[in-house]
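Architecture and fold: a report
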Amino acid sequence: MAEEDSDLEKTESPSQRRLDQAREEGQVARSRELSTFAVLMAGGAGIWLMGSALSQHLISLIREGLTLDTGLAFHTEQLLPRLHELSMATLLAFLPLLGLMLLVAVFSPLLMNGWLFTLAPLQPNFGKLNPLSGIGRMFSVNSLMELAKAIAKSVVVGGVGAWVIWHNKEAVLMLVTEPLAHAIPHLGNLVWGSFAAIMGGMLLIVAVDVPFQLYEHNKKLKMTKEEVRQEAKETEGDPQVKQRIRSMQREMARRRMMAEIPTADVVVTNPTHFSVALKYSDNKMRAPVVVAKGSHLMAARIREIATENNVPILEAPPLARALHKHCELGQAIPEALYTAVAEVLAYVYQLRRYKQVGGVYPQEPQELPVPKDLDPANAAL
């Protein structure tokens, strides 16, 4: 019972397939604090780079807007068009800064998740209308973390803002007494100092929030042991089915191998432990090829089929061991065994001639030149 309960607990890390499926459904780790921080930093960088030109433009607009125009004083119908003109000029002045912030707002999620486009989150999900699920989400760890972050942001932003104002209260009060050309840059310096202090606090919140969001996302996607096994079956196939398929493939390969034995030129044996069938054709093959091989019971079956089909059998233990160890079915023999196999084939051709025309019975080759490093018996020593 305890084992069944452990199989149902989500203790396993999510597989790559689980992560990919969640990504396709739009389920990725998100940090609103990171996006907010990136947008604010982009705004700060924009002000830093464009602040001088922007302030000069604003001074010009303010001077132009506050200049008394006698024509407007007697023609009030021109006030709204004039206001529209000044508003559009102000918008155009801020447009590069707003465009930069918009661009960063769109692409800042790429910092955590890379590029992702999916319509899955837009599909209706009536399960989200369940009030019990909604209450559960309200009191979840993630909701408590969001509440803590909101409080922390309020404390940080409010605290830093209050400290900056208190620290610079005299400079702020003196702004009203300064000429406009000096007051606006001075105000910009005060705002930039406040901004830098607030960003320091925001960076601390981001440093806490990003790892937490990654952890929570990974936790939500964790799998039970049963899910891991089921996924392995779906992706790799049922182990029992795969074993059955491999068994059938081996059986088919064995049948094909046995069917090739009657076409072999010779079977080299150990004499009982190994049997290797060789075939050679001058016109079709660069070198002799192994058409069948086996050990113990399979070796005995190869010898039986060879005997039934009048295929010559030659006892050459070192050569049989070397061929069985270093040759696969359908492959040519190694070059190091060319000389030894050539002597075997020469004996086979002499044996065929003897059976056809008679004469002196050929003598079986002795002490075949098999390199010692190819003989497994020598390697074992």
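Residues numbered from 1 in each chain as written. Predicted model: local features only at pLDDT ≥ 70, side-chain atom pairs only at ≥ 80, totals over all residues. Heavy atoms only, no water.

1. Thoughts on the sheet that holds strand β3 (residues 266-269)
Paired through backbone hydrogen bonds, the strands of a sheet run either parallel or antiparallel to each other. Sheet architecture is open: four strands sit in the order β5-β4-β3-β6, paired in mixed fashion. Of all strands in the sheet, those with a lone pairing partner are β5 (289-295) and β6 (313-315), marking the two edges. When the angles between neighbouring strand axes are averaged without regard to direction, this sheet yields 20°. As paired elements, β3 and strand β4 (residues 274-279) share four bridges and run antiparallel to each other. Looking across to β4, one finds that Val-266 is bridged to Leu-278. Sheet contacts for helix α13 (residues 297-308): β3, β4, β5 and β6; angle to β5, the most-contacted strand, approximately 125°. (Pairing = 2+ DSSP bridges. Helix = DSSP H or I, 4+ residues; strand = E, 2+ residues; numbered from the N terminus. Axes fitted to C-alpha atoms, helices over the stretch in contact; angles between N-to-C directions. Contact = heavy atoms within 4.5 Å.)

2. Regarding the nonpolar core
In this structure, Leu-278, Leu-319, Leu-323 and Leu-337 are the most contacted members of the largest nonpolar core, which totals 24 residues. Elements with a contribution of two residues or more to this core: β3, β4, α14 (317-326) and α15 (338-357). When residues of this core are assigned to their parent elements, the largest contribution, seven residues, is made by α15. Discounting residues that sit within four places of it in the chain, Leu-319 has contacts with Val-268, Leu-337, Ala-340, Val-341, Val-344, Leu-368 and Val-370. (Core = buried A, V, L, I, M, F, W, Y, C linked by side-chain atoms within 4.5 Å. Buried < 20%, exposed > 50% of the residue type's maximum accessible area, 1.4 Å probe, protein only.)

3. Focus on the pattern of salt bridges
Following the criterion strictly, the structure yields five salt bridges and no others. Taken together, the shared-partner salt bridges in this structure form one network comprising Glu-251, Arg-254 and Arg-255. (Salt bridge = Lys/Arg side-chain N within 4 Å of Asp/Glu carboxyl O.)

4. Quick word on the confidence of the model for the protein chain
For the protein chain, per-residue confidence averages 78 on the pLDDT scale, and residues scoring 70 or more make up 83% of the total. Counting interchain partners and residues more than four positions distant, the pLDDT-below-50 stretch residues 1-5 has zero contacts. (pLDDT = per-residue confidence, 0-100.)

5. Looking at a nonpolar patch on the surface
Nonpolar side chains collect at one region of the surface, where Leu-102, Leu-103, Val-106, Phe-107 and Leu-110 lie side by side and expose about 450 Å² of accessible area between them. Of all the elements, helix α5 (residues 79-107) adds the most residues to the nonpolar patch, at four residues. For Val-106, the location among the structural elements is in helix α5. (Patch = residues over 30% accessible without salt bridge, like charges linked within 9 Å, V, L, I, M, F, W, Y side chains within 5 Å. Areas by Shrake-Rupley, 256 points an atom, 1.4 Å probe, with all protein chains shown as cover.)

6. Here we look at the packing of aromatic side chains
Evaluated as defined, the whole model comprises one aromatic pair. A centroid spacing of 5.0 Å and a plane angle of 80° characterise the contact between Tyr-354 and Tyr-361, whose relative ring orientation is edge-to-face. Exposure remark for Tyr-361: the relative accessible area of 48% places this residue in the partly exposed category. (Phe/Tyr/Trp six-rings, centres within 6.5 Å; stacked < 30°, edge-to-face > 60°.)

7. Observations concerning unusual backbone geometry
Backbone torsion omega between Asn-270 and Pro-271 reads 25°, so that peptide bond is classified as cis. Relative to the assigned elements, Pro-271 resides in the loop between β3 and β4. Positive phi is not limited to glycine here, since His-296 has a value of about 55°. Tracing the backbone through its elements, the reader meets His-296 in the loop between β5 and α13.

8. Description of the side chain of Arg-303
Inspection of the secondary structure assignment puts Arg-303 in helix α13. Once residues lying within four places of it in the same chain are set aside, the contact partners of Arg-303 are Thr-269, Pro-271, Thr-272, Phe-274, Ser-275 and Ile-313.

9. Focus on the side chain of Asp-209
Within the secondary structure, Asp-209 sits in helix α10 (residues 180-220). Taking relative accessible area as the criterion, Asp-209 reaches 0% and is therefore assigned buried. Not counting the four nearest positions on each side in its chain, Asp-209 is found in contact with Ser-31, Arg-32, Glu-33 and Lys-149.

10. Observations regarding α15
In this model α15 runs 28 Å from its N-terminal to its C-terminal C-alpha over 20 residues, within 8% of the 28 Å that 1.5 Å per residue would give. Those residues of α15 that are buried lie in contact with β3, β4, β6 and α14. In the segment just after α15, Gly-358 is the residue with positive phi, at about 85°. (Expected span 1.5 Å × (residues − 1).)

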